[in-house]
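Okay, here's what each chain looks like letter by letter:
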Amino acid sequence: MGTIVLSGTVVLVILGFGNHNWWLAAVALLFLYVQYGRGSSSASSSGGSSGGGGGMASDYKTYRDRRDQQAKWERRYRRERPLESRRQQNEKGKQGKQGK
């Protein structure tokens, strides 16, 4: 599906040199593909009979894993570089007081 959309976009861009309205059509085609084409194909290919809420749970799990990994890295950084992390905390505190 992606190759068809990209081929159509290229054709519309080439036609756009004669009439700029074709460029608008190319942009609209890409927008519609990004909004609806890719999302629906990936949702259907993920399979399962989870229904509509399956994507949200997966997204939240991905977010939670990323957040936990970031927290783990920050704890490790503070443990390995206590002076640097303390200096950064002091700078954050000074910036917060200046804004008030």
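Everything quoted here is computed from the prediction, not taken from an experiment. (Residues numbered from 1 in each chain as written. Predicted model: local features only at pLDDT ≥ 70, side-chain atom pairs only at ≥ 80, totals over all residues. Heavy atoms only, no water.)

Trainee: For the overall build of the protein, give the residues involved together with the corresponding values.
Mentor: Within the protein, the regular secondary structure consists of 4 helices and 0 strands. Going from N to C terminus, the protein has its helices and strands arranged as α-α-α-α. Among the 100 residues that make up the protein, the fraction classed as buried is 7%. With an accessible surface of roughly 8600 Å², the protein has 59% of that area assigned to carbon and sulfur atoms. (Helix = DSSP H or I, 4+ residues; strand = E, 2+ residues; numbered from the N terminus. Buried < 20%, exposed > 50% of the residue type's maximum accessible area, 1.4 Å probe, protein only. Areas by Shrake-Rupley, 256 points an atom, 1.4 Å probe, with all protein chains shown as cover.)

Trainee: Describe the packing of aromatic side chains, naming the residues involved and giving the relevant values.
Mentor: Going through the model one piece at a time under the given rule, you end up with 2 aromatic pairs. Ring geometry for Phe17 versus Trp23: centroids 5.5 Å apart, planes at 85°, classification edge-to-face. (Phe/Tyr/Trp six-rings, centres within 6.5 Å; stacked < 30°, edge-to-face > 60°.)

Trainee: I'd like a description of a positive patch on the surface, backed by residues and values.
Mentor: Taken together, the side chains of Lys72, Arg75, Arg78, Arg79 and Lys92 make up a positively charged region of the molecular surface. Ranked by the residues each element gives to the positive patch, the list is headed by helix H3 (residues 54-80), at 4 residues. Secondary-structure assignment places Arg78 in helix H3. Assessed through its relative accessible area of 41%, Arg78 is described here as partly exposed. (Patch = residues over 30% accessible without salt bridge, like charges linked within 9 Å, V, L, I, M, F, W, Y side chains within 5 Å. Salt bridge = Lys/Arg side-chain N within 4 Å of Asp/Glu carboxyl O. Lys, Arg positive; Asp, Glu negative; His and termini not counted. Charge placed at Lys NZ, Arg CZ, Asp CG, Glu CD.)

Trainee: Please give an account of a nonpolar patch on the surface that cites residues and values.
Mentor: A grouping of Val11, Leu15 and Trp22 is seen on the molecular surface, where their side chains present a nonpolar patch of about 270 Å² in accessible area. Its location among the elements puts Leu15 in helix H1 (residues 2-16). Look at Leu15 and you get partly exposed, because its relative accessible area is 40%.

Trainee: Can you tell me about the pattern of salt bridges, naming the residues and giving the values?
Mentor: On inspection of all chains with the given rule, the structure shows 6 salt bridges. Note that Arg87 is salt-bridged to Glu91, the shortest N-O span being 2.4 Å. With Arg87 and Glu91 both in helix H4 (residues 82-99) and 4 residues apart, the pair spans about one turn of that helix. Given a relative accessible area of 39%, Glu91 falls into the partly exposed group. Each of Arg76, Glu80 and Arg81 takes part in salt bridges that share partners, so that together they form one network.

Trainee: An account of the confidence of the model for the protein is requested, with residue identities and associated values reported.
Mentor: Considering every residue of the protein, the mean pLDDT works out to 80; 79% of them sit at 70 or more. Ranking the helices and strands of the protein by mean pLDDT puts H3 first, with 90, and helix H2 (residues 21-45) last, with 75. Predicted confidence is poor over residues 41-51, with pLDDT under 50, and the contacts of this stretch with residues over four places away or in other chains come to 0 contacts. (pLDDT = per-residue confidence, 0-100. Contact = heavy atoms within 4.5 Å.)

Trainee: Pulling in residues and values, what's your account of the side chain of Ser85?
Mentor: Turning to its location among the elements, Ser85 is positioned in helix H4. Residue contacts for Ser85: discarding those within four places in its chain leaves Tyr77 and Arg78.

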